[in-house]
Amino acid sequence: MKRLLILCPLVLVAACGKSEERAARKASEDAAAIAAVEAAQNFKPPVQPVKLEPITHQDVEANNLYGAGCNFVGAGDPQSPLVIAQSGRAIIKTGGELTVLFADIAGQKLEMGAWEHYTGKRNTLTLRRTGSAKGTPAGYEVTRFEAKLTVFDEFGRTVLEQTGPLDCGS
């Protein structure tokens, strides 16, 4: 009986040591797993520059993109804008596909119902006037402003910056 009384505490002490070891190992493994998940969630792929393609008259007709708003034409043909910005949406074309971005109506309003900021799944864009607030006449019911277009990726990184004319009209 005396032996049993002496061995019981020794067994309990030995068991405690292994339990503490297991708990420390488990805590270390959990910390490593949490760090791996956080690293995966915070991963940002390299910046992929965006090349906007002109939106053609055929694109406008096929997708009924008519209406009042502003067209950012950049250095290209005014008849084929890079951005069509209207009251509720903006349209851009990349990789041969049209993409719709939605107006941030809490932001600054431009002429003819267009907005300064638009948001989409993969990109956001801003159109900011850089010249005169009055603009200059550029045709029947069209006013031209100097503007800067900035396109951001889903991580808020700049993927395109361009200056050029912003034609607003109906």
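Quick notes on the rules
- Residues numbered from 1 in each chain as written.
- Predicted model: local features only at pLDDT ≥ 70, side-chain atom pairs only at ≥ 80, totals over all residues.
- Heavy atoms only, no water.
- Phe/Tyr/Trp six-rings, centres within 6.5 Å; stacked < 30°, edge-to-face > 60°.
- Lys NZ or Arg CZ within 6 Å of the ring centre and 35° of its normal.
- Helix = DSSP H or I, 4+ residues; strand = E, 2+ residues; numbered from the N terminus.
- Polar contact = N/O pair within 3.5 Å; in protein donor to acceptor, adjacent residues only side chain to side chain.
- Core = buried A, V, L, I, M, F, W, Y, C linked by side-chain atoms within 4.5 Å.
- Buried < 20%, exposed > 50% of the residue type's maximum accessible area, 1.4 Å probe, protein only.
- Contact = heavy atoms within 4.5 Å.

J.: What's the story with the packing of aromatic side chains in this structure? I'm lost.
T.: Each pair of aromatic rings is reported with the distance of its centres and the angle of its planes. By the definition in use, this model includes zero aromatic pairs. Arg 129 extends its terminal NZ or CZ atom over the ring of Phe 145, reaching a point 5.4 Å from the ring centre.

J.: Help me understand the side chain of Gln 86, please; the structure alone is not making it clear to me.
T.: Considering the arrangement of structural elements, one finds Gln 86 in the loop between β2 (83–85) and β3 (89–94). At a separation of 3.0 Å, a polar atom in the side chain of Gln 86 contacts the main-chain carbonyl oxygen of Leu 65.

J.: Looking at this structure, how should I read the nonpolar core?
T.: One recurring pattern in soluble globular proteins is that nonpolar side chains are buried together. Judged by nonpolar contacts, the single largest core of 25 residues is most densely connected at Leu 52, Val 83, Tyr 118, Leu 125, Leu 127, Leu 149 and Leu 166. Those elements that provide at least two residues to this core are β1 (69–72), β2, β3, β4 (97–103), β6 (124–129), β8 (142–152) and β9 (158–169). In contact with Leu 125, other than residues within four places in its own chain, are Val 83, Ile 92, Leu 101, Glu 116, His 117, Tyr 118, Leu 149, Thr 150 and Val 151. Core analysis: the second largest hydrophobic core is formed by five residues, Ile 55, Leu 65, Ile 84 and Ile 91 among them.

Function cannot be read off these values alone, since they describe shape.
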